[in-house]
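# Report on the structure
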Amino acid sequence: MNVEPAELPGLAAATSLALLRQHAPLVHCLTNDVVQAFTANTLLAVGAAPAMVIEPREAAQFSAVADALLINIGTLTERRGVSMLAAIEAANQAGTPWVLDPVAVGALTFRTEFALSVLPLKPAAIRANASEILALAGQPALGRGVDSADDSRHALPFARRLAEEYGTLVAVTGRVDFITDGERAWSVADGDIMMTRVTGTGCALSAVVAAFCALPGDRLQHVAAACRVMARAGRLTAPESAGPGSFAVGLLDRLYRLQGEDLQ
Ligand SMILES: Nc1ncnc2c1ncn2[C@@H]1O[C@H](COP(=O)(O)OP(=O)(O)OP(=O)(O)O)[C@@H](O)[C@H]1O
Ligand SMILES: Cc1ncsc1CCO
Ligand SMILES: [Mg+2]
């Protein structure tokens, strides 16, 4: 149970990426106001398709036909919460996987109660930083707003526990990403510190995780592959960037150009 997770093999990540581009899943994103366009462009760059349908009277209708649903509570409002619950219910009825990004859960009461209330609604995966995973698991966390101040390795046992308790997958990201179903776990040691200097790399990754959840086959492998794809693209882009601005643009270009051999 507590053995060190193995690094996801490059070939597995490449196989999942090829499958993603073949299927080009349509991802219904109910996400925060900061990252809408970056998230949509990230999905398009990697080979999936986005749609941000947020009106409560349309959300359920759309999530029933999308291939995956993303629920990100970064700028949660009461009205957006209504859309999210309707979308989750419709996705569950249609057998569509949905992914939770519990942004800044912990210190803030409204979003924390909301996140805890949707955990039993069978998310296919949860993607969060270490502080958010600790908070979801009821542990003291050092998060500062939307940023993590905790180490993903420290959060791994709690990620495992959450995955087991809710029958879901948990991807806890940071310097090293860990992806677990409670029993099995993969690690992804890649990325670059520059990824924390652009807002929404984690939020966009959660949308990519949702896209990979739509694929047939080993979902734990696919979610780990999503983390690998994002982190690898970040690692390759950082040295070519003058700063966060060109990094954000370069990351999209790199995701678009990323080939299986870049992951090996
Ligand atoms: N110190 C680091 N070194 C290398 N890569 C990192 C580091 N921290 C985060 N990353 C990478 O950045 C991406 C986003 O992860 P992070 O944990 O920062 O998400 P987040 O805090 O939810 O981000 P946001 O809320 O801004 O969207 C992941 O691909 C992760 O691997
Ligand atoms: C900066 C910020 N504030 C609320 S959501 C968000 C995007 C990163 O999570
Ligand atoms: Mg986040």
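Residues numbered from 1 in each chain as written. Chains lettered and ligands numbered in written order. Predicted model: local features only at pLDDT ≥ 70, side-chain atom pairs only at ≥ 80, totals over all residues. Heavy atoms only, no water.

Before going further, it helps to examine the UniProt feature "binding site: substrate" (unreviewed entry) in the protein chain. The UniProt feature table records "binding site: substrate" (unreviewed entry) at Met52 and Gly200. Within the secondary structure layout, methionine 52 lies in the loop between strand 3 (49-51) and helix 3 (56-63). Apart from the residues within four sequence positions on either side, methionine 52 is in contact with Cys29, Gln36, Thr39 and Ala40. Tracing the chain through its elements places glycine 200 in the loop between strand 9 (185-189) and helix 8 (201-213). Assessed through its relative accessible area of 9%, glycine 200 is described here as buried. Setting aside residues up to four positions removed in sequence, glycine 200 forms contacts with Val35 and Phe38. (UniProt positions renumbered as here; feature names shortened; annotations may be inferred. Helix = DSSP H or I, 4+ residues; strand = E, 2+ residues; numbered from the N terminus. Contact = heavy atoms within 4.5 Å. Buried < 20%, exposed > 50% of the residue type's maximum accessible area, 1.4 Å probe, protein only.)

Let's shift gears to the state of the cysteines. Applying the stated rule across the entire model yields zero disulfides. Not engaged in a disulfide, the cysteine cysteine 29 finds its nearest cysteine sulfur in cysteine 203; these two sulfurs lie 11 Å apart. (Disulfide = S-S within 2.5 Å.)

A separate point is the site of ligand 1. Lining the immediate environment of ligand 1, one finds 18 residues, of which Asn129, Thr173, Asp177, Gly202 and Cys203 sit closest. At a separation of 3.2 Å, an oxygen atom of ligand 1 approaches a polar backbone atom of glycine 174. Glycine 200 places a main-chain nitrogen or oxygen 3.2 Å from an oxygen atom of ligand 1. Expressed as a share of its isolated accessible area of 630 Å², the protein-covered part of ligand 1 is 90%. Among the elements that line the shell around ligand 1, the one with the most residues is helix 8, at three residues. Per-class residue counts for the shell around ligand 1 are five nonpolar, eight polar and five charged. (Near = heavy atom within 4 Å. Polar contact = N/O pair within 3.5 Å; in protein donor to acceptor, adjacent residues only side chain to side chain. Areas by Shrake-Rupley, 256 points an atom, 1.4 Å probe, with all protein chains shown as cover. Nonpolar A, V, L, I, M, F, W, Y, C, P; charged D, E, K, R; others polar.)

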